[in-house]
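Geometric and topological summary
If you want the building blocks of each chain, they are given just below.
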Amino acid sequence: MVLVDVGAQAVFWSAGMLGAAPTEPGAPAAIHARVLEAFRDWPNPVPAMLAATDPHAIIERPLVDRPPLTRWSVGRVTLLGDAAHPMVPALGQGANTAFEDAVELAHCLTTAPSIEGALTTYEAGRLPRTQVIQARSATQGSRAYDPDSERYLRGVAEQAQIGQDAFEQWLYGYRPGAVR
Ligand SMILES: Cc1cc2nc3c(=O)[nH]c(=O)nc-3n(C[C@H](O)[C@H](O)[C@H](O)COP(=O)(O)OP(=O)(O)OC[C@H]3O[C@@H](n4cnc5c(N)ncnc54)[C@H](O)[C@@H]3O)c2cc1C
């Protein structure tokens, strides 16, 4: 639950909960009732604030991710951003990594002798890093993948479990276009 005082006596709130499967957005009254029920036992001001919220002001969306891919490119086509590495927003890195992809891809396209070569270099540089960020986001977002993915993810997940300071240094010390 995140509460932000946005001034003019208004508060922005955002709340997340784990669900078994994505649900289609429902009617405002139904969404409001579901949120009230989910946070009923929380300490005030949370229940009171939720009760005071206009149901039509609530936006409910499923957050959907998937285990990391092992490749992004085929021939002269590649992926970047969420299409390449969707992650739950537990670390706030989805857009950041999309920007990193863009800078790295532009760098590769201007320095490689061919488009295919540029995409190979781009993918080799970006995929391992974003796998770790995806895995750490999943862990922090309390996401669980199916057993096959868990096996595949084990190596990445171990790398993603380094201490917070070391992780942040690794995360924020990155310079796209300068790595390799
Ligand atoms: C609640 C929440 C909080 C977040 N907080 C953060 C944060 O603090 N920091 C951070 O870095 N990231 C955050 N993110 C993640 C960030 O929003 C995404 O990672 C980022 O928007 C991905 O950018 P993208 O361009 O790859 O994809 P998108 O933003 O999804 O853009 C894809 C675009 O393609 C369009 N499109 C789809 N199909 C077609 C089609 N067939 N033809 C034409 N257009 C099409 C879509 O409409 C969309 O506009 C958050 C995400 C959520 C949900």
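1. Points about unusual backbone geometry
Each neighbour pair has its own omega, and for N44 with P45 the value is 20°, a cis peptide bond. Tracing the backbone shows P45 in the loop between α1 (28-38) and α2 (46-52). Of note, the phi angle at A8 is positive, near 50°, even though the residue is not glycine. Tracing the sequence through the fold places A8 in the loop between β1 (2-7) and β2 (10-14). Residues other than glycine seldom take positive phi values, yet Q9 does so here, at roughly 55°. Mapped onto the elements, Q9 comes out in the loop between β1 and β2.

2. Remarks on the confidence of the model for the protein
Averaged over all residues, the pLDDT of the protein is 87; the fraction at 70 or higher stands at 88%. Mean pLDDT in the protein bottoms out at helix α5 (residues 147-160), which sits at 62, and peaks at helix α3 (residues 94-111), which reaches 96.

3. What to know about the side chain of H85
Along the chain, H85 turns up in the loop between α2 and α3. At 2.6 Å, the side chain of H85 and the side chain of D101 are in polar contact. When near neighbours in sequence (up to four residues on either side) are disregarded, H85 contacts W72, T97, A98, D101, T130 and Q134.

4. Describing the pairing of β2
Where β1 lies against β2, 5 bridges are found, and the strand directions are antiparallel. Within the sheet, the bridge partner assigned to G7 lies in β2 and is A10. Counting the residues between successive antiparallel strands, the hairpin from β1 to β2 contains 2 residues, one of them, A8, with a positive phi of roughly 50°.

So, how was this worked out
Residues numbered from 1 in each chain as written. Predicted model: local features only at pLDDT ≥ 70, side-chain atom pairs only at ≥ 80, totals over all residues. Heavy atoms only, no water. Helix = DSSP H or I, 4+ residues; strand = E, 2+ residues; numbered from the N terminus. pLDDT = per-residue confidence, 0-100. Polar contact = N/O pair within 3.5 Å; in protein donor to acceptor, adjacent residues only side chain to side chain. Contact = heavy atoms within 4.5 Å. Pairing = 2+ DSSP bridges.

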